[in-house]
Every structure is written in C-alpha cells, then in structure tokens.
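Residues per chain are reported as follows:
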Amino acid sequence: FSASKSYTMKTSLALLLTLPFAAATNKFLRNPFVSADEEPCCQNACTEPGLNKYYSIDTRHDLCGECCMADSDYDLYKKFEKGLEKADNDTPCEVLGYPKYTETVTHGAFNIKMTLDLYDHADAKAVSTDTCADTETLCEWAEGKTECCTQGEMCIPNVGCRC
C-alpha cells in the first residue's frame, strides 16, 4: 500500500469503528454508512441456508438488533460491533425485553455491510404535554405516543428520543 491508500483505508476503518450501532435509526441523518430498508430482514428463524441468528444490544440507545449471518463472518463483524453475540433462539431481542420492531437498516460501507432489524422495548415512555421539564422537549414519535427528550437527544420518528 502507498501512504495515501493506507491513510484512506485507516480513515475509512476509523469511520466505521466510530459509528454507533443504532445512530441511524433516524432515516433523515443521511449517513452514508447506513440506509433504511422497507421490509424486516431477520424476523424469526433465518431462512437462508448457512446463516444463523446474531444479535447485539446497543446500550447507548437502548435498542436491540438482530441479523442473519454466516458463522465465518463473526470475527469480522465483532470488530465493528463489540456486543455482537450468536443467538440461542430465533427471537433474541424479544427474549431480552425488546419485542417492538422499529425498522430495518443496513449498516456499513463497501464490502462490509450488515442488514439488521432493530427492536425497542414494548413500553413507550408516554407522557402528556405538560409533564416535560423546562430543560426537556416533547417528542411525538408516533401518532398519540410522546416522550420527553433530554438535552442532546433527538426525536426520531417511530422510535422516540435517542442520542
């Protein structure tokens, strides 16, 4: 590799490593490393031969992601998603307390991409308009569903408040 290619590869790798697992649940961020998909990819058992169910809990955004991937890809994707684990059932997010499907996204770039389904807790933090503190902003993330976003959080449609 020349110095410029090495720099480019290191820069690209650094960008991938610094992407938060679920930062792109907001379809409007225009993040080149994440795209939103229309249909769930990985609900229930993996149907494609050779693929197994994997999951990860994003503690920063309190979401769970499920994907179907080959066991041989685990070491590569584990470098980018430290919480990635092989599931011992077909619905790991639901079993772990994240039963509410929110959306399907594809994270990554170039040849390192993964499509996954994102799940949230069933109980949304519903609030009325007069219960947010002065330092909070009311987020109506779905019809009739609201919560208070604290400073630094944004209101994401169909998800709620996230950093």
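Look a little higher up for the structure.
Note that the coordinates shown come from a computational prediction; the quantities given were computed from them, not determined experimentally.

1. A closer look at the state of the cysteines
1) Next: Enumeration over the complete set of coordinates arrives at 6 disulfides.
2) Next: With a sulfur-sulfur separation of 2.0 Å, Cys139 is cross-linked through a disulfide to Cys155. Disulfide Cys139 to Cys155: torsion about the S-S bond roughly 70 degrees, handedness right-handed. Of this pair, Cys139 sits in strand E7 (residues 137-142) while Cys155 sits in strand E9 (residues 154-156), and the two are 16 residues apart along the sequence.
3) Next: Sequence-ordered numbering of the bonded cysteines in the protein gives a disulfide pattern of 1-2, 3-5, 4-6, 7-9, 8-11, 10-12.
4) Next: Residue Cys67 stays outside any disulfide, its sulfur separated by 6.2 Å from that of Cys42, the closest cysteine.

2. Observations regarding the packing of aromatic side chains
1) Next: The final tally for this structure, using the stated rule, is 2 aromatic pairs.
2) Next: Consider the rings of Tyr101 and Tyr119, whose centres lie 5.9 Å apart with planes at 70 degrees: the pair is edge-to-face. Pair noted here: Tyr101 is in strand E5 (residues 100-109) and Tyr119 is in strand E6 (residues 112-120), with a separation of 18 residues, a long-range link.
3) Next: A residue is classified by how much of its surface remains accessible, and Tyr101, at 27% relative accessible area, is partly exposed.

3. Let's talk about the pairing of strand E2 (residues 52-58)
Look at any regular strand and the pattern is simple: side chains alternate between the two faces of the sheet.
1) Next: With 5 of 7 residues buried, E2 lies mostly within the body of the structure.
2) Next: By the bridge criterion, 7 bridges tie E2 to strand E3 (residues 63-69) in an arrangement that is antiparallel. Its bridge partner being in E3, Tyr55 is matched across the sheet by Glu66.
3) Next: Counted between consecutive antiparallel strands, the loop separating E2 from E3 contains 4 residues, among which Asp62 sits at a positive phi close to 55 degrees.

4. Structural notes on the pairing of E7
1) Next: Of the pairings in the sheet, the one linking E7 to strand E8 (residues 145-149) comprises 5 bridges and is antiparallel in character. In the sheet register, Cys139 faces E8, and the bridge partner there is Glu147.
2) Next: Hairpin geometry of E7 and E8 is characterised by an intervening segment of 2 residues between the two adjacent antiparallel strands and by a positive phi of about 80 degrees at Gly144.

Each value, and the rule that gives it
- Residues numbered from 1 in each chain as written.
- Predicted model: local features only at pLDDT ≥ 70, side-chain atom pairs only at ≥ 80, totals over all residues.
- Heavy atoms only, no water.
- Disulfide = S-S within 2.5 Å.
- Helix = DSSP H or I, 4+ residues; strand = E, 2+ residues; numbered from the N terminus.
- Phe/Tyr/Trp six-rings, centres within 6.5 Å; stacked < 30°, edge-to-face > 60°.
- Buried < 20%, exposed > 50% of the residue type's maximum accessible area, 1.4 Å probe, protein only.
- Pairing = 2+ DSSP bridges.

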